[in-house]
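# Fold and geometry: a report
This is what each chain is made of:
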Amino acid sequence: MPTAIITGANSGIGHALARILISEVSKNPISIAPSLSPFNSLTSSIQNYTVLATDQTLGLPLTSLPCETHQLDVSSLLSIQSFAQCIGADTPIDLLLHVAGVMERPEDDALHTVDLDGLQRTFAVNTFGPLLLTQALLPNILKASSPKVAVVSSRVGSMTDNTSGGQYAYRASKAGVNSLFKSMSVDLREDGVVVLVLHPGIVKTGLDPRHKEGVEVEGAVEPDDAARGLWDVLEGKGMESTGKFFHRTGEELPW
Ligand SMILES: NC(=O)c1ccc[n+]([C@@H]2O[C@H](COP(=O)([O-])OP(=O)(O)OC[C@H]3O[C@@H](n4cnc5c(N)ncnc54)[C@H](OP(=O)(O)O)[C@@H]3O)[C@@H](O)[C@H]2O)c1
């Protein structure tokens, strides 16, 4: 059976996406504790993937998922290498979903406050992690018959769309990962690997301190709604869309 790997699955969008993947793939209703999943009544017809859900933290949301779970810190080369070793080079990976991400508090990420630690921390997770994990799993990806690799980036990484400034580390880390995945799409086109860059919209998760503080942010949606949109895009896009940047609505975004 094909295999899907997802990072950042202990919370927010990654957790919601993992639950969708598992629901989509189960032949039978899945049994997740009701408090942890609104999908536990779902049944689906096609058994598409074996799901490996990962996060740096082996928290209850992750370990409650009815699938294989792994501790994986995408900012650590050692962690990436031991995860790849654990999978083994012979297992084909059909879908690699990079969702893990971090964001500095905007007041610590402004022109006058951003510092080297914040830049390094943000780039390690948001930019270098997705590249190095893809690189480590490339032998597996190339063994799949029609593989997809996608990264949940952000519209704030768009140069064209930048009218508000600020968020130096976060914005640049997403612009950086967009550039890396664009190159990857070119390099892997002949191997038949579809590479997608995705924007989930504004989502009510713990990533943005405003949501933690209960501030109503205009247009913000629940993680389940964002994940559903992202999944529709992921499912719907093929080689004609490789190397492109999509909103969860399916709208193509400018770089
Ligand atoms: N929320 C939004 O409005 C929004 C908008 C645009 C793009 N995004 C992107 O969407 C993705 C998911 O974010 P989210 O909103 O769902 O935030 P979230 O709820 O904070 O989820 C991020 C997950 O990534 C994990 N993570 C952090 N560092 C990691 C590492 N080194 N290795 C592995 N996992 C790590 C976090 O684990 P811990 O909890 O242990 O730190 C957390 O489980 C991010 O890439 C984010 O940039 C979000």
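## Section: the overall build of the protein
Broken down by element type, the protein carries seven helices and seven strands. Rg of the C-alpha trace for the protein: 17 Å, near the compact-globule value of 18 Å for 255 residues, within the 12% margin. Taking the principal axes of the C-alpha coordinates as reference, the protein spans close to 50 × 45 × 35 Å. Classification of the 255 residues of the protein by burial places 43% in the buried group.

## Side note on the pairing of strand E5 (residues 148-152)
Within a regular beta strand, the side chains point alternately toward one face of the sheet and then the other, so they alternate between its two faces. For E5, the buried fraction is high: five of the five residues fall into the buried class. In E5, alternate side chains face the same way, and those of Lys148, Ala150 and Val152 on one face and Val149 and Val151 on the other are all buried. Here strand E4 (residues 95-98) runs beside E5; their pairing, made up of four bridges, is parallel. The residue bridging Leu97 from the neighbouring strand is Ala150, located in E5. Handedness of the crossover is the feature at issue here: the chain leaves E4, passes through helix H4 (residues 116-141), returns alongside E5, and the resulting connection is right-handed. As for the winding sense of the linkage, the β-α-β connection from E5 through helix H5 (residues 168-188) to strand E6 (residues 194-199) is right-handed.

## Points about the nonpolar core
Within the largest apolar cluster, 62 residues are counted, with the highest numbers of intra-cluster contacts made by Ile6, Leu17 and Val51. With eight residues, H5 is the single largest residue contributor to this core. Each residue touching Ile6, except ones within four places of it in the same chain, is listed here: Gly14, Leu17, Ala18, Leu21, Val51, Ala53, Thr54, Leu97 and Val99.

## Section: unusual backbone geometry
Within the chain, Gln167 stands out as a residue other than glycine whose phi angle is a positive 45°. By the C-beta count within 10 Å, which is 22 here, Gln167 ends up buried.

## As for the pairing of strand E2 (residues 50-55)
Among the six residues of E2, five are classified as buried, and the element is accordingly described as predominantly covered. Pairing geometry for strand E1 (residues 3-6) and E2, over four bridges, is parallel. For Thr3, the partnering residue across the bridge sits in E2 and is Thr50. The pairing of E2 with strand E3 (residues 68-71) spans four bridges and is classified as parallel.

## Topic: the sheet that holds E5
One open sheet holds the seven strands; their spatial order is E3-E2-E1-E4-E5-E6-E7, and the pairing between them is parallel. Each of the sheet's edge strands pairs with one partner strand only, and the pair in question is E3 and strand E7 (244-247). Ignoring strand direction, the axes of neighbouring strands in this sheet form an average angle of 20°. Of the strand pairs in this sheet, E1 and E4 are connected by three bridges, and their pairing is parallel. Residue pairing across strands places Ile6 opposite Leu97, the latter belonging to E4. Running over the sheet, H5 touches E5, E6 and E7 and is turned about 160° from E6.

About the criteria used
Residues numbered from 1 in each chain as written. Predicted model: local features only at pLDDT ≥ 70, side-chain atom pairs only at ≥ 80, totals over all residues. Helix = DSSP H or I, 4+ residues; strand = E, 2+ residues; numbered from the N terminus. Rg over C-alpha atoms; globule rule 2.2 N^0.38 Å. Buried ≥ 20, exposed ≤ 12 C-beta atoms within 10 Å, placed from the backbone. Pairing = 2+ DSSP bridges. Right-handed = clockwise from strand over helix to strand, strands pointing away. Core = buried A, V, L, I, M, F, W, Y, C linked by C-beta atoms within 7 Å. Contact = placed C-beta atoms within 7 Å. Axes fitted to C-alpha atoms, helices over the stretch in contact; angles between N-to-C directions.

All quantities given are derived from atomic positions and should not be read as evidence of function.
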